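Residues per chain, in single letters:
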Amino acid sequence: MGGTEEKQATGSGRPTSRDVARLAGVSHTAVSFVFNGRAEGNLSPATQERIRRAAAELGYRPDPVARGLRRRRTAVIGLVTDEIASSPFAGRLLRGAMETAWDSEHLVLTIDSGGDAAKEDAAVAELLDRRVDGIIYAAMSLRRVRVPEGLHRTHSVLANCLPEDDSLPAVIPAERAGGRTAARLLLDAGHRQVAMVGGQDDIASVDRLRGFRDALRAEGISVPKEWVVRTGGEISGGYEGATRVLDGVPADRRPTGIFCYNDRVAAGVLHAASRLGIAVPGELSVVGYDDQEHMAAFLTPPLTTVALPHREMGDAAARLLLDAIDTGRTPPATVRRLACPVVSRASVGPAPRR
């Protein structure tokens, strides 16, 4: 008899909950309680531990399909995004969402729409057909987005974007606070003559500049109009903007610090400073934004920057979605803003004496 039980528990087939029950010397119902989250109040801690040890010894894992059918769930969430392949930050957001989902025994099914609205609608329809438990819609640059058709038919959360109709909860960076943080990096180093280079009229640009001005205004400092140079978000824009505020200007009349819209712009600023013979950080301090992987740490000098919390956004969006799935309650259509931390390197130094 014991030989038969051992064969059932250790044979080539996948271990079952009944195998766990036999090895632990408990009822099949007791095993179900442990793996369905109903053990507290029904089983002693010692019995729960005995069941978990037996499961670990057998390599038993609950059948997610069967469990999903019982709970009317699939243990899968969808993630639709506009440009996974082309964004340097997509991996961080995905990792945050996938690790949090995995910790809650959910898989993430990811679809890249390439920014095509029709593909986004089709992707959401496909995910709904597959009966995912909920959907995260993520954009790789902060902006207001058209909510894809069908997203209101399931639990849904937006990451790094805002719905045009304010109809869904969203998790985004605290960009205005990030602008204040960037300004404080320069102010705390003694800089009072500062410029901002890069960006356009998008949400991130506007909020970063507002935060930057907030911090300066609190110190009684205003930025000359000609020192706010909107030149886009690329290296060429940084080079152009820095040249405008630095080239041909006497040392005592040019800014001692520049806040850049992003790290690519900062790379252009550093290039312009080098060409003009302006030492960084001895004569000019430079602050970036994004902490772009494979770039910020490898510039000369390595760039002090304000990091975008992409991983944290993925994590927070997944947690918000999983909570809605668990409770069955749709979260309110509020906006959660996550802090943008400082990454200190070598491009900021004390303000030069004049």
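Use the structure listed above.
Report on the accompanying structure. (Residues numbered from 1 in each chain as written. Predicted model: local features only at pLDDT ≥ 70, side-chain atom pairs only at ≥ 80, totals over all residues. Heavy atoms only, no water.)

Structural notes on helix α8 (residues 175-188)
Over its 14 residues, α8 extends 20 Å from the first C-alpha to the last, a length consistent with the 20 Å expected when each residue adds 1.5 Å. All buried positions along α8 are accounted for by E175, G178, G179, A182, A183, L185, L186 and L187. Looking at the residues trailing α8, positive phi occurs at G190, about 95°. (Helix = DSSP H or I, 4+ residues; strand = E, 2+ residues; numbered from the N terminus. Expected span 1.5 Å × (residues − 1). Buried < 20%, exposed > 50% of the residue type's maximum accessible area, 1.4 Å probe, protein only.)

Thoughts on the sheet that holds strand β3 (residues 134-138)
Strand order in this open sheet of six strands is β2-β1-β3-β5-β7-β13, and the pairing throughout is parallel. The outermost strands of the open sheet, each flanked by one partner alone, are β2 (107-112) and β13 (335-338). On average, each strand axis in the sheet is tilted by 20° relative to the strand beside it, whichever way the strands run. With five bridges joining them, strand β1 (residues 76-81) and β3 adopt parallel strand pairing. Bridge pairing in β3 places T81 opposite A138. (Pairing = 2+ DSSP bridges. Axes fitted to C-alpha atoms, helices over the stretch in contact; angles between N-to-C directions.)

Observations regarding the sheet that holds strand β9 (residues 228-229)
Strand order across the open sheet formed by six strands is β9-β8-β10-β11-β12-β14, with mixed pairing between neighbours. Each of the sheet's edge strands pairs with one partner strand only, and the pair in question is β9 and β14 (342-343). Most of the contacts of helix α11 (residues 263-275) go to strand β11 (residues 285-290), to which it runs at about 155°, and overall it touches β8 (194-197), β10 (257-260), β11 and β12 (304-307). (Contact = heavy atoms within 4.5 Å.)

Section: the environment of D116
Along the chain, D116 turns up in the loop between β2 and α7 (117-129). Judged by relative accessible area, which is 34%, D116 ranks as partly exposed.

Quick notes on the packing of aromatic side chains
Tallied over the entire structure, the rule returns three aromatic pairs. Between F212 and F259 the ring centres are 5.1 Å apart and the planes differ by 35°, which places this aromatic pair in the tilted class. Here the residue F212 occupies a position in helix α9 (residues 203-218), and F259 occupies one in strand β10, the gap between them amounting to 47 residues. There is no split in this pair, since F212 and F259 are both buried. Where F259 meets Y289, the ring centres are 6.1 Å apart and the plane angle is 50°; that geometry is what we call tilted. Here F259, found in strand β10, pairs with Y289, found in strand β11; they are 30 residues apart in sequence, far enough to count as distant. Here F259 matches Y289 in class, with each residue buried. Put simply, the rings of F212, F259 and Y289 touch in pairs and so form one group of aromatic residues. Here R52 stacks its cationic end above the ring of F35, 6.0 Å away from the centre of that ring. One cation-aromatic arrangement involves R208 over Y289; the distance from NZ or CZ to the ring centre is 3.8 Å. (Phe/Tyr/Trp six-rings, centres within 6.5 Å; stacked < 30°, edge-to-face > 60°. Lys NZ or Arg CZ within 6 Å of the ring centre and 35° of its normal.)

Some thoughts on the side chain of D207
Considering the arrangement of structural elements, one finds D207 in helix α9. In this structure D207 comes out as buried when scored by relative accessible area, which is 18%. The residues contacting D207, other than those within four sequence positions of it, are E175 and R176.

Here's the deal with the environment of I111
Relative to the helices and strands, I111 resides in strand β2. Relative accessible area serves as the criterion here: at 22%, I111 is assigned to the partly exposed category. When the C-alpha atoms of I111 and E126 are compared, they prove to be 10.0 Å apart, with 15 residues separating the residues in sequence. Not counting residues up to four positions away in its chain, the partners in contact with I111 are L79, V80, T81, A123 and L127.

Notes on the nonpolar core
Of all hydrophobic cores here, the largest spans 46 residues; its most connected members are F212, I258, F259, V269, L284 and V286. Of all the secondary-structure elements, those providing two or more residues to this core are α8, β8, α9, β9, α10 (235-246), β10, α11 and β11. Sequence-distant contacts of L284, defined by excluding residues within four places in its chain, comprise L246, P255, T256, G257, I258, A273, I278, A279 and S347. A97, A317, A318 and I325 belong to the second largest nonpolar core, which has 22 residues in total. (Core = buried A, V, L, I, M, F, W, Y, C linked by side-chain atoms within 4.5 Å.)

Comments concerning the environment of G134
Structurally, G134 is set in strand β3. We classify G134 as buried; its relative accessible area is 0%. Ignoring any residue separated from it by four or fewer positions in sequence, one finds G134 in contact with V76, I77, G78, T154, H155, L321 and I325.

As for the pattern of salt bridges
Summed over all chains, the structure comprises 22 salt bridges. The partner of R144 in a salt bridge is D166, with the nearest N and O atoms 3.1 Å apart. Of the two residues, R144 is situated in strand β4 (residues 144-145) and D166 in the loop between β6 (162-163) and β7 (170-173); the sequence distance between them amounts to 22 residues. A relative accessible area of 41% means that R144 is categorised as partly exposed. (Salt bridge = Lys/Arg side-chain N within 4 Å of Asp/Glu carboxyl O.)

Description of unusual backbone geometry
Excluding glycine, most residues fall at negative phi; most peptide bonds, likewise, are trans. Residue P281 is reached from V280 by a cis peptide bond, and omega for that bond is 10°. By secondary structure assignment, the location of P281 is in the loop between α11 and β11. Going from T300 to P301, the amide bond is cis rather than trans, its omega being -5°. Position of P301 among the secondary structure elements: in the loop between β11 and β12.

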